[in-house]
Amino acid sequence: MISKDEFRRALGRFASGVTVVTARDASGRLHGITVSAFCSVSLEPPLILVCIDKNTGSHYALAETGSFVVNILRQDQQYVSDRFASYLPDKFEAVGYDLGIDDLPVLEDALANLECRLVNSHDGGDHTIFVGQIERATIGDGEPLVYFHGNYRKLETD
Ligand SMILES: Cc1cc2nc3c(=O)[nH]c(=O)nc-3n(C[C@H](O)[C@H](O)[C@H](O)COP(=O)(O)O)c2cc1C
């Protein structure tokens, strides 16, 4: 088995986009978490997955209410990523959003918003793999925020 350090160094070689997954717990409190472990799963039906650390505050909210939104961030939204990766008591204070399915926060100005119904969850070690069916999508134009080797990057466009 490889060490945690080797795992981090190896996986850091994989470039990804950055998303913020938003949810609401049974009491109505909003949750949001920065997530790079996001992936397309199936076209028919339209499924995606996100992997959420079991120790985060957002984990139970996704499991509890059965719906969530994946907000795919733009290049200029690094501050949004930092905010939702922090322990701030109210991460939504300085961030604009509308309400989507199940009154979930749909972040403004994202590159895309995917409003999902939770259809399955699977154990994934210290994470849970949440599979969602996309009910509604908002699609914008622009460049994505990229994460690689522990840093935010910009796509080189020519
Ligand atoms: C670029 C980036 C990517 C991240 N990706 C994930 C991820 O895929 N899954 C996860 O559980 N946490 C991920 N995190 C860490 C969470 O965003 C962080 O633990 C957050 O503070 C949890 O918030 P919460 O406890 O309020 O839910 C990532 C952080 C950053 C900066």
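Residues numbered from 1 in each chain as written. Predicted model: local features only at pLDDT ≥ 70, side-chain atom pairs only at ≥ 80, totals over all residues.

As annotated in an unreviewed UniProt entry, the chain carries the name Nitrilotriacetate monooxygenase component B and comes from uncultured Pyrinomonadaceae bacterium.

### Focus: the site of the ligand
Short version of the rule: Note on definitions: a residue is near a molecule or strand provided its C-beta atom, placed from the backbone, lies within 6 Å of it. Per the convention used, a helix needs a DSSP run of H or I reaching at least four residues, while a strand needs a run of E reaching at least two, with both numbered from the N terminus. Classification convention: Asp, Glu, Lys, Arg as charged; Ala, Val, Leu, Ile, Met, Phe, Trp, Tyr, Cys, Pro as nonpolar; all other residues, Gly among them, as polar.
Around the ligand, the surrounding shell holds 18 residues, and the nearest of these are A37, D53, T56, G57 and S58. Of all the secondary-structure elements, those providing two or more residues to the shell around the ligand are strand 3 (30–35) and strand 5 (47–53). When residues in the shell around the ligand are grouped by element, the largest group, four residues, is from strand 3. Residue composition of the shell around the ligand, grouped by class: nine nonpolar, eight polar and one charged.

### Digging into the UniProt feature "domain: Flavin reductase like" (unreviewed entry) in the chain
Filter applied, for reference: UniProt positions are given in the numbering used here, feature names are shortened, and annotations may be inferred rather than shown by experiment.
UniProt's feature table lists "domain: Flavin reductase like" (unreviewed entry) at residues 11–154, given in the numbering used throughout. Helix makes up 10% of residues 11–154 and strand makes up 49%, while its end C-alpha atoms are separated by 19 Å.

### Considerations on the sheet that holds strand 3
Whether parallel or antiparallel, the strands of a sheet pair through hydrogen bonds between backbone atoms. Selection criterion: Between any two strands, at least two bridges found by DSSP are needed for them to pair. The angle between two axes is taken between their N-to-C directions and runs from 0 to 180 degrees, where each axis is a line fitted to C-alpha atoms and a helix contributes only its stretch in contact.
Strands sit in the order 3-2-6-9-10-5-4 across an open sheet of seven strands; the sheet is antiparallel. Looking at the sheet topology across the chains shown, the edges are occupied by strand 3 and strand 4 (38–42). Averaged over neighbouring strand pairs, the angle between their axes works out to 35° when direction is ignored. Here strand 9 (residues 112–124) runs beside strand 10 (residues 127–139); their pairing, made up of twelve bridges, is antiparallel. By the bridge assignment for strand 10, C116 is matched with I134.

### What to know about the pairing of strand 6 (residues 67–72)
Counted only if it meets this: Around each residue's C-beta, the other C-beta atoms within 10 Å are counted; 20 or more make the residue buried, 12 or fewer make it exposed, and counts in between make it partly exposed. All C-beta atoms are placed from the backbone.
In terms of burial, strand 6 is a largely internal element, six of the six residues being buried. The pairing of strand 2 (residues 19–24) with strand 6 spans four bridges and is antiparallel. Within strand 6, the position partnered with V20 by the bridge is N71. Alignment of strand 6 against strand 9, held across six bridges, turns out to be antiparallel. Paired with V70 across the two strands is L114, which belongs to strand 9.

### Quick look at the nonpolar core
Rules: In this description, a nonpolar core means buried residues of the types Ala, Val, Leu, Ile, Met, Phe, Trp, Tyr and Cys, linked to one another by C-beta atoms lying within 7 Å. Contact between residues is assigned whenever the C-beta positions, reconstructed from backbone atoms, fall within 7 Å.
By size, the foremost hydrophobic cluster in this structure holds 29 residues, and its most contacted members are V20, V21, V50, F68, V69, V70 and L73. Every element with two or more residues in this core is listed here: strand 2, strand 3, strand 5, helix 2 (59–65), strand 6, helix 3 (78–84) and strand 9. Top element by residues in this core is strand 6. It accounts for four residues. What V20 contacts, discounting residues up to four positions off in sequence, is G32, I33, T34, N71, L73, V80, S81, F84 and L107.

### Examining the sheet that holds strand 12 (residues 151–153)
Overall, antiparallel pairing links the three strands, which are arranged 1-11-12 in an open sheet. Lying at the two open borders of the sheet, with one neighbouring strand each, are strand 1 (16–17) and strand 12. Pairing of strand 1 with strand 11 (residues 146–148) involves two bridges; the strand directions are antiparallel. Residue S16 lies in a different strand from strand 11, and its bridge partner there is Y147.

### Notes on the environment of S16
Note on placement: S16 falls in strand 1. Look at S16 and you get partly exposed, because 16 C-beta atoms sit within 10 Å. Considering only alpha carbons, one finds S16 and F130, 114 residues apart in sequence, at a separation of 18 Å. Those residues in contact with S16, other than ones at most four positions away along the chain, are S36 and Y147.

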